[in-house]
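Each chain, letter by letter, is given below.
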Amino acid sequence: MATSTPAAAGKATIAIDPVTRIEGHLKAEVVVENGKVVDAHITGGMYRGFEAILQGRDPRDASQLVQRLCGVCPTSHSSCSALAQDAAFKVKVTENGRITRNLILGANYLQSHILHFYHLAALDYVKGPETAPFIPRFKAPDLRLSDDINKVGVDQYLEALEVRRIAHEMVALFGGRMPHVHGIVAGGTTEIPTKEKLTEYGARFLKVKEFIEKKYLPCVYTVGSVYKDLFKQGQGHKSCISFGVFPLDASGKKTLLKAGVYLNGKDGNFDPKQIKEYVKYSWFDDKTTGLPYDRGQTIPDVNKKGAYSFAKSPRYNDKPVEAGPLARMWITNPELSATGQQLLKEKFGLNAKKFRDIGVDLAFSIMGRHVARAEETLLVANAIVGWIKEIKPGGETWTKFELPASGEGLGLTEAPRGALLHFLRVADKKIGNYNIVPATVWNVNPRDDMGVRGPMEEALIGVEVKDIDNPVNVARLIRAFDP
């Protein structure tokens, strides 16, 4: 629901509460002046408190419990928790265990990215029948697609439901079930990849990959060619972070999507010691502000004056950084797909071979984030082809270990929507401290102690709002981040 409050001449405050077609509880309040956003506040309205729930429990339970943090990326939380446990328990995962984890998380990536574009964001561009789930929407939704392209979009919306189901089955083959997998545990995975299961996985995967190549990618670029103005809105801080995901060797240091940071127009190496959490404008106790990730605490203070969100404000080297597909593609800078290269040249006049050839101003944008996500989906799909060939049928996927009396472990990975951190401290064979920096929090956080806006708040500055009763582009920007 969007409400607007006129202020001074030419100025108005708009609140969208709740922001629909996202996972979770989010409110956006923006100030519009002369047709553009000049200020923004993003409110995360739900306290989850899993860090408190985990205290005193068996550390091995964490990879199951943390999956309830999020309805769309439980697999990522399980993976990250297992990595933290691996480190705390000093256990080395087998090669087959590493690859099986990649196959589980990889299938979830494909499902999640398809979900995001078709079933969450596409209705900002595609006009469906006057029935749910295509309505309600803004009264003037700015839908520009021609009738024939629009029909293709609606047909693919429906087909994507089936494709996502198939991807869920891929996850369940090695994860035990979906959405809350059993198969990712400390030491590896619980499922042995037999020839039969690999065949089942591969048969499903071919259908998903075909949809990505022939429909998802072309659809994203076609929509982008109609909404070229959205490549010029939503730039934000133009800084980003990636923890790296999908390890390619036993060390875990070499990953398909690289770890790194991009700050002040320069690339840098990622150092987790540079991560701190600020809470001046969050509903958490001020004494917890500025703590590094390994000493983080979650102590709510719902009556705190000046606070406006249950999201903390994570910072890297005290700077706000964007996370997610755009960040990973910018830092990794892979070859663009053949579809992407062709369509960028035909419809945008860009000779783009690598992702960064798009240019920082076009990539860091509403539509640029969709392009990054679609290109990343194909990148992960191509990697799955290699993992299926690399895995050894019948090979062991789990390493036995003893639960230590004490220890610490840091789990770093990437959920489909952003960088994810789990920190575990074991004391007397129980969880002594557990801290989570969730993926979405990197993007939707409020101002930090220095008064600097979070990435999404900053990206909203300058977004066009031609009609204060229909702030279409505000919603488009938010959904492009997939919060």
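The written sequence of each chain sets the order in which its residues are numbered from 1. In view of the model being predicted, local features appear only for residues whose pLDDT reaches at least 70, and side-chain atom pairs are presented and counted only at 80 or more, with totals across whole chains, interfaces and linings using the full set of residues. Calculated side-chain values reflect all of the structure's heavy atoms, with hydrogen atoms and water omitted.

> What is the right way to look at the overall build of the protein in this model?
Note on conventions: DSSP H or I runs of at least 4 residues are helices, E runs of at least 2 residues are strands, and numbering of each starts at the N terminus. A count of helical and extended segments in the protein gives 13 helices and 15 strands. The quantity called the radius of gyration is restricted to C-alpha atoms. Its globule counterpart is 2.2 Å times the number of residues to the power 0.38. What you see for the protein is a C-alpha radius of gyration of 22 Å, in line with the 23 Å of a compact globule of 483 residues. Here the C-alpha coordinates of the protein stretch approximately 70 × 50 × 45 Å along the principal axes. Accessible area is worked out with a 1.4 Å probe on protein chains only. A residue is then buried under 20% of its type maximum, exposed over 50%, and partly exposed in between. Across the 483 residues that make up the protein, the buried fraction comes to 57%. In the protein, of all internal contacts separated by at least 6 residues, the share reaching a separation of at least 24 is 70%. Per-residue accessibility takes into account occlusion by the displayed protein chains alone, with areas from the Shrake-Rupley method and a 1.4 Å probe. Accessible area for the protein stands at about 19,000 Å²; split by element, carbon and sulfur atoms hold 52% of it. Side chains of the protein carry 64 positive and 55 negative charges; the gap between the two charge centres is 2 Å. We call two residues in contact whenever any of their non-hydrogen atoms come within 4.5 Å of each other. Only four residue types enter the tally: Lys and Arg on the positive side, Asp and Glu on the negative side; His and the chain ends are excluded. The atoms used to mark charge sites are NZ of Lys, CZ of Arg, CG of Asp and CD of Glu.

> Just to check I follow, could you spell out the packing of aromatic side chains for this structure?
The description of an aromatic ring pair uses the distance of the two centres, along with the angle that the planes make with each other. Stacked, tilted and edge-to-face are the three classes applied to pairs of Phe, Tyr and Trp rings, where Trp contributes its six-membered ring and a pair requires centres within 6.5 Å; stacked means planes under 30 degrees apart, edge-to-face means over 60, and tilted covers the rest. Taken as a whole and assessed by the stated rule, the structure comprises 24 aromatic pairs. Here the aromatic rings of phenylalanine 231 and phenylalanine 348 are separated by 5.0 Å at their centres, their planes lie at 70 degrees, and the arrangement is edge-to-face. With phenylalanine 231 in the loop between helix H6 (195-226) and strand S7 (240-247) and phenylalanine 348 in helix H8 (residues 338-348), the pair connects residues that are 117 residues apart, well separated along the chain. By way of ring pairs, the aromatic residues Tyr47, Trp283, Phe284 and Phe310 are connected into one cluster. Positioned above the aromatic ring of phenylalanine 348, the side-chain terminus of lysine 228 is 5.5 Å from the ring centre. Should the NZ of a Lys or the CZ of an Arg lie within 6 Å of a ring centre and within 35 degrees of the ring normal, that charge is described as sitting over the ring.

> Could you clarify how one ought to interpret the layout of surface pockets in this entry?
The method is simple in principle: a probe with the dimensions of a water molecule rolls over the atoms, and the space it marks as empty is what remains. Here a cavity is any set of points on a 1 Å grid over the protein atoms alone where a 1.4 Å probe fits but cannot get out, and a pocket is any open set with protein on both sides within 12 Å along at least 5 of 7 lines; a residue lines the site when it has an atom within 4 Å of a point. Grid points are joined across faces, edges and corners, and a volume is the space filled by probe spheres set on the points. The calculated volume of the largest pocket comes to roughly 1,000 Å³. Taken together, 36 residues make up the lining of the largest pocket; nearest its centre are Leu83, Ser251, Gly252, Lys253 and Leu412. The volume enclosed by the second largest pocket comes to roughly 620 Å³. Taken together, 31 residues line the second largest pocket, and the ones lying closest to its centre are Met46, Arg48, Pro438, Thr440 and Val441. Contributions of two or more residues to the lining of the second largest pocket are made by helix H1 (50-54) and helix H11 (441-444). Residues are grouped as follows: Ala, Val, Leu, Ile, Met, Phe, Trp, Tyr, Cys and Pro are nonpolar; Asp, Glu, Lys and Arg are charged; all remaining types, including Gly, are polar. Across the lining of the second largest pocket, the residue classes break down as 17 nonpolar, eight polar and six charged.

> Explain the sheet that holds S7 to me, please; I cannot follow it from the model alone.
Either a parallel or an antiparallel arrangement is found when strands of a sheet pair, and the pairing is made through backbone hydrogen bonds. Paired strands are those between which DSSP finds at least two bridges. Taken in spatial order, the three strands of this open sheet run S7-S8-S9, and their pairing is antiparallel. Across the chains shown, the open sheet's two edge strands, defined by having one partner strand only, are S7 and strand S9 (266-268). Strand-to-strand twist across the sheet, computed as the mean angle between neighbouring axes with direction ignored, equals 35 degrees. In the packing of helix H7 (residues 325-332) onto the sheet, the strands contacted are S7 and strand S8 (255-263), and the crossing angle to S8 comes to about 95 degrees. Only the stretch in contact is used when fitting a helix axis, every axis being a line fitted to C-alpha atoms; angles between N-to-C directions are given from 0 to 180 degrees.

> So what exactly am I meant to see when it comes to empty space enclosed by the protein here?
Applying the stated rule across the entire model yields two cavities of 30 Å³ or more. As a volume, the largest cavity reaches approximately 50 Å³. Of all elements in the fold, only H7 and helix H10 (366-390) reach the threshold of two or more residues within the lining of the largest cavity. In terms of residue class, the lining of the largest cavity is built from five nonpolar, two polar and four charged. Along its surface, the second largest cavity is lined by Glu277, Val279, Thr288, Leu291, Gly296, Gln297 and Lys312. Looking at the lining of the second largest cavity residue by residue, the class counts come to two nonpolar, three polar and two charged.

> Would you mind going over H10 with me for this structure?
Every α-helix winds through 3.6 residues per turn, so residues three or four apart in the chain are directed the same way. Expected span, for any helix, means 1.5 Å times one less than how many residues it has. With 25 residues, H10 should reach 36 Å at 1.5 Å per residue; the first-to-last C-alpha distance of 37 Å fits that figure. Across the 25 residues that make up H10, a large majority, 18, are buried.

> Teacher, can you tell me more about the pattern of salt bridges here?
Note that side chains of opposite charge can pair when their charged atoms are close. Note on definitions: salt bridges are taken to be side-chain nitrogens of Lys or Arg within 4 Å of carboxyl oxygens of Asp or Glu. The final tally for this structure, using the stated rule, is 33 salt bridges. Arginine 98 is the partner of glutamate 390 in a salt bridge, and the nearest nitrogen-oxygen pair spans 2.8 Å. In this pair, glutamate 390 is assigned in helix H10 and arginine 98 in helix H4 (residues 95-121), connecting sequence segments 292 residues apart. On the basis of relative accessibility, which here comes to 37%, the residue glutamate 390 falls in the partly exposed class. Residue lysine 214 is joined to glutamate 210 by a salt bridge in which the shortest nitrogen-to-oxygen separation is 3.2 Å. Within this pair, lysine 214 and its partner glutamate 210 are both found in helix H6, separated by four residues, close to a single helical turn. Salt bridges sharing common partners tie together Asp39, Arg447, Arg453, Glu457 and Glu458.

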